[in-house]
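Take a look at the letters that make up each chain.
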Amino acid sequence: MNLEKLYIARVIFKNRVLSSHGQVFEDLFVRVMQANDKDFRPVKPQGREGDKKNDGFNKVKGQYFQVYSPENSSDKEKESYKKLDSTFEELYKYWQPISPIKEFFWVYNDKFQTGIYPSIEKTLAGIEQKFKIKADPFLSKDLEDVFLSLPENEIIDILGGHLPDYNYIEDVSITVL
């Protein structure tokens, strides 16, 4: 993929992430991860049982992902911290006997700007120490990195089957801006 197409793909992807939250963001995350890793398995919620706090995992690598994408990430510190704390305990209790957890990723849609709260970093460090596993945040920039590393056909598929050709984009009048 040439630089111009890559730039257009990046802009479209960023806009998709910025406008996504909740299930829409989780669906985007799953599509990117499935395209990137043939061993990645999404977990479908099962009625009242839910997904047992596991939005997707790689059984071979022991990697588990929990997605959190609030509508407005800038004012959700307390919610984020509480969700992470309760999420991992439940995930560990259910999934550890099925397939050992080696790595846990807290997927957080920070919309490319807020990063991760110190309380989340502390909670992840506590998980690492208590359970002897790797526990890290996985932010929008990390998802973008995975997305941009995909083959061109996968990038185009995730973006909806078409990537505009920069040769056909007409000059934009500065007066319109």
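Cut-offs used in this document
Residues numbered from 1 in each chain as written. Predicted model: local features only at pLDDT ≥ 70, side-chain atom pairs only at ≥ 80, totals over all residues. Heavy atoms only, no water. Helix = DSSP H or I, 4+ residues; strand = E, 2+ residues; numbered from the N terminus. Contact = heavy atoms within 4.5 Å. Salt bridge = Lys/Arg side-chain N within 4 Å of Asp/Glu carboxyl O. Axes fitted to C-alpha atoms, helices over the stretch in contact; angles between N-to-C directions. Parallel < 35°, antiparallel > 145°, perpendicular 65-115°, else oblique. Nonpolar A, V, L, I, M, F, W, Y, C, P; charged D, E, K, R; others polar. Pairing = 2+ DSSP bridges. Right-handed = clockwise from strand over helix to strand, strands pointing away. Core = buried A, V, L, I, M, F, W, Y, C linked by side-chain atoms within 4.5 Å. Buried < 20%, exposed > 50% of the residue type's maximum accessible area, 1.4 Å probe, protein only. Expected span 1.5 Å × (residues − 1).

Next up on the list: the side chain of S99. With respect to the helices, strands and loops of the structure, S99 is situated in the loop between helix 3 (77-95) and strand 4 (103-108). Contact partners of S99, with chain neighbours within four places excluded, come to K59 and Y64.

Before going further, it helps to examine the pattern of salt bridges. One pass over the structure, following the stated rule, counts nine salt bridges. Residue E103 is joined to K134 by a salt bridge in which the shortest nitrogen-to-oxygen separation is 3.5 Å. Here E103 is found in strand 4, whereas its partner K134 is found in strand 5 (residues 134-139), with 31 residues between them in sequence. Because the salt bridges share partners, they merge into one network encompassing E103, K134 and D136.

To continue, consider the packing of helix 1 (residues 3-18) against helix 2 (residues 23-36). It is at 9 Å that the axes of helix 1 and helix 2 come closest, and there the two elements cross at 140°. On the basis of their axis angle, the class for helix 1 and helix 2 is oblique. The residues of helix 2 that touch helix 1, namely those facing F13, R16 and V17, are F25, L28 and V32. Its residues placed into classes, the contact of helix 1 with helix 2 shows five nonpolar, no polar and one charged.

All right, on to the pairing of strand 5 then. Two elements, strand 4 and strand 5, share six bridges in a ladder whose sense is parallel. Across the sheet, F105 pairs through a bridge with D136, a residue of strand 5. In this fold, strand 4 hands off to helix 4 (residues 118-131), which returns the chain to strand 5; that crossover is right-handed.

Across soluble globular proteins, nonpolar side chains have a tendency to be buried as a group. One finds F13, F29, V32, F65, F138 and F147 to be the most contacted residues of the largest nonpolar core, which totals 26 residues. If you list the elements that add at least two residues to this core, you get helix 1, helix 2, strand 3 (63-68), strand 4, helix 5 (140-148) and helix 6 (152-158). Ranked by residues supplied to this core, first place goes to helix 2 with six residues. Not counting chain neighbours up to four residues away, the residues in contact with F29 comprise F40, F65, V67, V107, F138 and L143. With 21 residues, the next largest nonpolar core counts F57, Y64, I127 and F131 among its residues.

Below, the discussion takes up helix 1. With 16 residues, helix 1 extends 22 Å from end C-alpha to end C-alpha; this agrees with the ideal 22 Å at 1.5 Å per step. Considering only its buried residues, helix 1 is in contact with helix 2, helix 5 and helix 6.

Tracing the backbone shows Q113 in the loop between strand 4 and helix 4. We classify Q113 as exposed; its relative accessible area is 62%. In the structure, Q113 is positioned 27 residues away from S140 in sequence and 8.8 Å away in space, judged by C-alpha atoms.

Quick look at unusual backbone geometry now. Even without being glycine, K53 reaches a positive phi, approximately 65°. With respect to the helices, strands and loops of the structure, K53 is situated in the loop between strand 1 (40-42) and strand 2 (56-58). Notably, K111 is not glycine yet its phi reads approximately 55°, a positive angle. If you trace the backbone, K111 turns up in the loop between strand 4 and helix 4. Here K111 falls in the buried class, since its relative accessible area comes to 10%.

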